[in-house]
Amino acid sequence: MKFTDGNWMIREGVRTYHPAQAYDIDTTDMSVTAYAPVQKIRHRGDTLTGPLITMRLSSPVSDVIQVLLMHYSGEREESLRFPIVSQETAQAITQSDDQYASITSGALTARIDRTNWALDFLAEDGRVITGSGNKGIGLAEVEGEDAYIHEQLSLGVGECVYGLGERFTSFVKNSQVVEIWNKDGGAGSDQAYKNIPFYLTNRGYGVFVNQPGNVSFEIGSEKVARVHFSVHGQSLEYFVIYGPSPKEILEKYTALTGRPALPPAWSFGLWLTTSFTTSYDEATVTSFIQGMTDRDIPLHVFHFDCFWMHEFHWCDFAWDTRVFPDPAAMLARLKERGLRVCVWINPYIAQRSALFAEGKAGGYFLKRPDGSVWQTDQWQPGMAIIDFTNPEACRWYTDKLRALLHQGVDCFKTDFGERIPTDVVYHDGSDPAAMHNYYSYLYNKTVFDLLREERGEGEAVLFARSATAGCQQFPVHWGGDCASDFEAMAASLRAGLSLCLSGFGFWSHDIGGFEGTPPAALYKRWVAFGLLSPHSRLHGSSSYRVPWVYDEEAVDVLRFFTKLKCRLMPYLFGAAVEAHQTGVPMMRAMMLEFPDDPGCEYLDRQYLLGGSLLVAPVFSQEGSVSYYLPEGRWTEYLTGRTIDGPRWVREEHGFLSLPLFVRPNSIIPVGADDERPDYDFASGIEFQVYELSEGAHIQVSIPTLTGETGASLTATKNGGKITASMNGAAQDWRLRLMGVANIKSVDGGSSEAGERGALALPAAGESSITVTV
C-alpha cells in the first residue's frame, strides 16, 4: 500500500509520522526498547504532543532479531500472531551508549542510532545487510480507514527479493506489489492461494512479518531501494533472520514457524484422479486403474474428486450411491490392487447437506453479527463455513472424516479455504480480518492432526490448496487451478519455486494443467516435469488425464518417467527427510544451491530436485529448451553425456527426454524397484558416482520408510583411488563409476565393465572396497 505520491508528496487524505530520534532507551539482558517521538525534542513543550512510536528489539533464537513497532498499546491482548514453535532460548547481548543502542544475537546485530534516527542490521563482520533509515518506520493515518504501521527496509544494488508464497508472477519480486491476502483467483494472476509474509534476499537475510492479516508489500515499487510493508492497526511485528546462506535462512525461518512433516513414501508415487466435472462412476474408475495395469504403468494413489458426493450436498461426506453403490466393497477392491485412496473435501457445508441442520444447531458455523449463520451461494448454494476456532466444531468435523478413514480412505485433498469472509463472528472472538488467512492454518491442521492420530506419525498427508505461514507443517500443497498451456506450466514452476523459498518443503501441481484439455505434446512435456517434482498427480477439470486419451506415445512417456521416479526413490526420499529435518525444500531454486553464482539469481525455468539433480522442463511443443549449468562437469543422467559449466546450453529433446543433469561430486543412490515408491531402499541399491574430485569426502544416507537412517555410504577419493564404506543394513549393494568404462582393480571385491559406467561389486560380507581406475 502506497502512502506517498512520488518522492516528495504524501497521498491525498493521508497523514504520516516518522521517528525523529530515540529520545529514551530502556535495555535489559534480553531486549532494547526505544521511545521515538516524531519530532526532535528541543524543550519540554515538545513532549506534550504525539505521536510517540515505541520499538522493542529482542531475540527468540540465535541469528534472529524480533522487532515490535507500536503506536497505541490498547489493542486487544488476543491480537492474533503466528505461533512461534522454536524451543531454543537465544543468548542476546545488549549495549547502549550516547550514540547507539544495540542487541546482538549470534552473528546478527540490530543497532539504533539515538540522534539521527536509523535502525541498521549488521552481520558479524560489521556489514550493514539492511536497515530502516529516514522515514522508514511510520504511522500513517488514512482518511476513512484508521491507522497503519509501516516499515521500509533497504535494498542494495543488485539485491533480489524472493518468496512471499506461491506466486505466479515473476520469480524475482522486485518492482512488484504483493498483498498477503488469500484468494481463490486461479493460477494465472497476481492473486495467490498461499500468501506467506516472508521473503529472503541474495544478501544473506530474510524477513518474516508476524501478522496473519493482510500485509501489503511494495517491493522496490513505492521506493525503488526499499521493501515497504504495512499493516492496518497500531502495531507491527517482524523478524530479521540472518543466514548468511539461503539454506540457513530457511532453516532458521522454519525453526521459528515449524518444519514440514515427513510425508509417507507411498505419497511420492503416481496419483491419478477422476478429474473434476467429468462423468465417472465405479466402472470408470475401475477402467482407468485396469488401463494403467494393462499398459504397465505403475499407479499408487487414486483420488476421487468432488462428485464422489451428491451434487448440491458438498460436503455431507457420504458417497453418492447412484454411482458408487457399495463404497466399502469398492475401497476394498482398490486396496487389493495395492492402491491408496484420497477423497476431496472442503470446509463448507451446503444447505442441502444433511449436516447443515446439525451444524447450525451445534453452533459449528461462522455467524453474522446478528447471530445467524453466515451463508453464500458462491460455490455451493446456501453453504456455511466451519468455525475451526470452536473445539466442538473441530471434533464434529473430524468425526465425519474419521468414519471415512475407517471405511478405507487414506488421505484427503483439503481444497478451498481462501474465500473466508470478514463480516463474521468467530466462536473464540478472533478478529475476522486476521482470521482470513489464518483460517487455512486451522483448517489444514485440524485435518492433518486427525490423519496423524488415526494413521500414525509419518503416515499423514494432505493435498492442500490454501496456506499461510506455518502451513508447511501439514504437507503436501499443490498449485491449484492452472490452465492447460505451456505458459501456465511455466507459471506453475515459478509459483512452486517461490513457495519452496517460503518455507514449504513439498509442492505439486496438476500434470497437464487443470482448465481445458492439453494437447498431446503439452501433456507429455508436463508428465516429465510432474514425475520429476516432489509429488506427482494427474488431474484435470472437464477432461480425463489418463495417457491413452492423448496418444500411444503419452503412455510410453508416463510409464518411463513413473518408473524412473520409483528407481530414484532412495535419493528422493532422502531429500524428503532433509526437508523434514532442516526445512530445505526438495524442489530448489538454482539460487538456493548456488548463491554465489550471479547467473542463477533469476533462473525460474529449471531447478534442483534434492541437492544433486538439475531438472530443466521443456516448455515447448517441438522440444526446444535452454538451460544454465553452473561451474563444474555435469553429467546428463539419461545419456551419460558430460558438459562443463558455467555455460548456457540450447538444444532439442524428444518426449522421452529432458535436460536432467547430475551435479559434479555427487553420489546418487538408485533403488532396485521401478514399480513402487515404498520399498526397502537399501536392498540391491546401486550408488552411482559422478565426477568425484581429488580429496572429495561424501556421505550418502539411505532412509527407511519411516525416515530413519537405514544405511549410509561414505566415499573418499585420494591418490586417484575411491574408497567406499557401507554402514547399516544394505544388502547386495554396488558402486557404479559413471563415465568410467573399466576398473583396474577392486580391493575387497570385483568389477564388471559397463557401457555407462563400470561396476564395483563388494565381496560377500565386505562393507568396504577400494577402487583403482
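Residues numbered from 1 in each chain as written. Predicted model: local features only at pLDDT ≥ 70, side-chain atom pairs only at ≥ 80, totals over all residues. Heavy atoms only, no water.

A.B. asks: Just give me the short version of the pattern of salt bridges, but keep the residues and values in it.
C.D. replies: Applying the stated criterion to the full structure yields 45 salt bridges. When the shortest N-O distance is used, the salt bridge between Asp-125 and Arg-127 registers 2.8 Å. A relative accessible area of 56% means that Asp-125 is categorised as exposed. (Salt bridge = Lys/Arg side-chain N within 4 Å of Asp/Glu carboxyl O. Buried < 20%, exposed > 50% of the residue type's maximum accessible area, 1.4 Å probe, protein only.)

A.B. asks: Go over the sheet that holds strand 20 (residues 226–232), please, and point to the residues and values.
C.D. replies: Pairing is antiparallel across the open sheet formed by 6 strands, whose spatial order is 3-13-14-20-19-16. Each edge of the open sheet is held by one strand with a lone partner, namely strand 3 (14–17) and strand 16 (176–179). Pairwise comparison of adjacent strand axes, ignoring direction, gives a mean angle of 20° for this sheet. Where strand 16 meets strand 19 (residues 215–219), 4 bridges bridge the pair, whose relative direction is antiparallel. The residue of strand 19 that forms the bridge with Gln-176 is Ile-219. (Pairing = 2+ DSSP bridges. Helix = DSSP H or I, 4+ residues; strand = E, 2+ residues; numbered from the N terminus. Axes fitted to C-alpha atoms, helices over the stretch in contact; angles between N-to-C directions.)

A.B. asks: A description of the sheet that holds strand 33 (residues 607–609) should follow, citing residues and the corresponding values.
C.D. replies: In sheet architecture, strand pairing relies on hydrogen bonds along the backbone and comes in two forms, parallel and antiparallel. Read across the sheet, 6 strands follow the order 32-33-34-37-35-36 without closing on themselves; strand pairing throughout is antiparallel. Each end of this open sheet is capped by a strand with a single partner; those strands are strand 32 (587–588) and strand 36 (642–652). For strand 32 and strand 33, the ladder comprises 2 bridges, and the chain directions are antiparallel. Bridged to Arg-588 within strand 33 is Leu-608.

A.B. asks: Give a detailed account of the packing of aromatic side chains, specifying residues and quantitative values.
C.D. replies: One pair of aromatic rings is described through two measures. These are the centre distance and the angle between the planes. In total, this model carries 50 aromatic pairs according to the counting rule given. Seen in terms of ring centroids, Tyr-628 and Trp-648 are 5.6 Å apart; in terms of plane orientation they differ by 50°. Their pairing is tilted. Of this pair, Tyr-628 sits in strand 35 (residues 624–636) while Trp-648 sits in strand 36, and the two are 20 residues apart along the sequence. Its guanidinium or amino end placed over the ring of Trp-548, Arg-295 lies 4.0 Å from that ring's centre, counting from NZ or CZ. Over the ring of Phe-655 we find Lys-524, and its NZ or CZ is 4.1 Å from the ring centre. (Phe/Tyr/Trp six-rings, centres within 6.5 Å; stacked < 30°, edge-to-face > 60°. Lys NZ or Arg CZ within 6 Å of the ring centre and 35° of its normal.)

A.B. asks: Mind laying out helix 1 (residues 246–257), listing which residues take part and the relevant values?
C.D. replies: The terminal C-alpha atoms of helix 1 lie 16 Å apart, and with 12 residues this matches the ideal 16 Å at 1.5 Å per residue to within 8%. Buried residues of helix 1: Pro-246, Ile-249, Leu-250, Lys-252, Tyr-253, Thr-254, Leu-256 and Thr-257, and no others. Just past helix 1, the residue Gly-258 takes up positive phi, approximately 115°. (Expected span 1.5 Å × (residues − 1).)

A.B. asks: Give me the lowdown on helix 2 (residues 282–294), citing residues and values where you can.
C.D. replies: The end-to-end C-alpha distance of helix 2, which contains 13 residues, comes to 18 Å, matching closely the 18 Å that a straight helix rising 1.5 Å per residue would cover. Taken residue by residue, helix 2 has Glu-282, Thr-284, Val-285, Phe-288, Ile-289, Gly-291 and Met-292 as its buried positions. Those residues of helix 2 hidden inside the fold are in contact with strand 22 (270–273), strand 23 (301–304), helix 3 (327–336) and helix 9 (552–567). Regarding helix 2, its N-cap is Asp-281, as a side-chain oxygen of that residue lies 3.1 Å from the backbone nitrogen of Ala-283 further along. Residue Asp-296 follows helix 2 closely and has a positive phi angle near 60°. (Contact = heavy atoms within 4.5 Å. Polar contact = N/O pair within 3.5 Å; in protein donor to acceptor, adjacent residues only side chain to side chain.)

A.B. asks: Residues and numbers for the pairing of strand 40 (residues 697–703), please.
C.D. replies: In this structure, strand 40 lies alongside strand 41 (residues 709–718), joined through 7 bridges in antiparallel fashion. Its bridge partner lying in strand 41, His-697 is registered against Thr-716. Taking the residues between adjacent antiparallel strands as the criterion, strand 40 and strand 41 are bridged by 5 residues, where Gly-707 takes a positive phi near 95°.

A.B. asks: Describe the nonpolar core, with residues and values.
C.D. replies: For soluble globular proteins, the rule of thumb is that nonpolar side chains tend to be buried together. Ranked by size, the top nonpolar core spans 198 residues in total, and within it Phe-304 and Leu-735 carry the most contacts. Every residue in contact with Phe-304, bar those within four places of it in the chain, is listed here: Thr-274, Val-285, Trp-319, Phe-324, Met-330, Leu-334, Val-341, Cys-342, Val-343 and Trp-344. One finds Ala-107, Leu-139, Leu-164 and Val-240 within the second-largest nonpolar core, a separate group that totals 49 residues. (Core = buried A, V, L, I, M, F, W, Y, C linked by side-chain atoms within 4.5 Å.)

A.B. asks: Describe the packing of helix 7 (residues 486–500) against helix 8 (residues 520–531), with residues and values.
C.D. replies: Axis separation between helix 7 and helix 8 bottoms out at 10 Å; the angle between their running directions is 15°. Taken as axis vectors, helix 7 and helix 8 run roughly parallel relative to one another. As helix 7 runs across helix 8, the sense of the crossing is right-handed. Residues Phe-486, Ala-488, Met-489, Ser-492 and Leu-493 of helix 7 form the contact with helix 8, whose participating residues are Ala-521, Leu-522, Arg-525, Trp-526 and Phe-529. Partitioning the contact of helix 7 with helix 8 into residue classes produces 8 nonpolar, 1 polar and 1 charged. (Parallel < 35°, antiparallel > 145°, perpendicular 65-115°, else oblique. Left-handed = near helix turned anticlockwise from the far one by under 90°. Nonpolar A, V, L, I, M, F, W, Y, C, P; charged D, E, K, R; others polar.)

A.B. asks: So what's going on with the layout of surface pockets? Which residues, and what values?
C.D. replies: To find the voids left in a structure, one rolls a probe of water-molecule size over its atoms. Empty space within the second largest pocket amounts to approximately 540 Å³. Mapped by element, the contributors of at least two residues to the lining of the second largest pocket are helix 10 (569–582), strand 38 (666–670) and strand 40. Of the residues forming the lining of the second largest pocket, the biggest block, 7 residues, is contributed by helix 10. Partitioning the lining of the second largest pocket into residue classes produces 12 nonpolar, 11 polar and 5 charged. (1 Å grid on protein atoms, 1.4 Å probe; cavity = no way out; pocket = protein on both sides within 12 Å on 5 of 7 lines; lining within 4 Å. Points joined across faces, edges and corners; volume = space filled by probe spheres on them.)

A.B. asks: Would you mind going over the environment of Thr-770 in detail, with residue names and values included?
C.D. replies: Take Thr-770: it is sitting in strand 47 (residues 768–772). For Thr-770, a relative accessible area of 18% gives the class buried. In the structure, Thr-770 is positioned 54 residues away from Thr-716 in sequence and 9.4 Å away in space, judged by C-alpha atoms. Residues in contact with Thr-770, not counting those within four places in the same chain, are Lys-721, Ile-722, Thr-723, Ser-745, Val-746 and Asp-747. A polar side-chain atom of Thr-770 sits 3.1 Å from a polar atom in the side chain of Thr-723.

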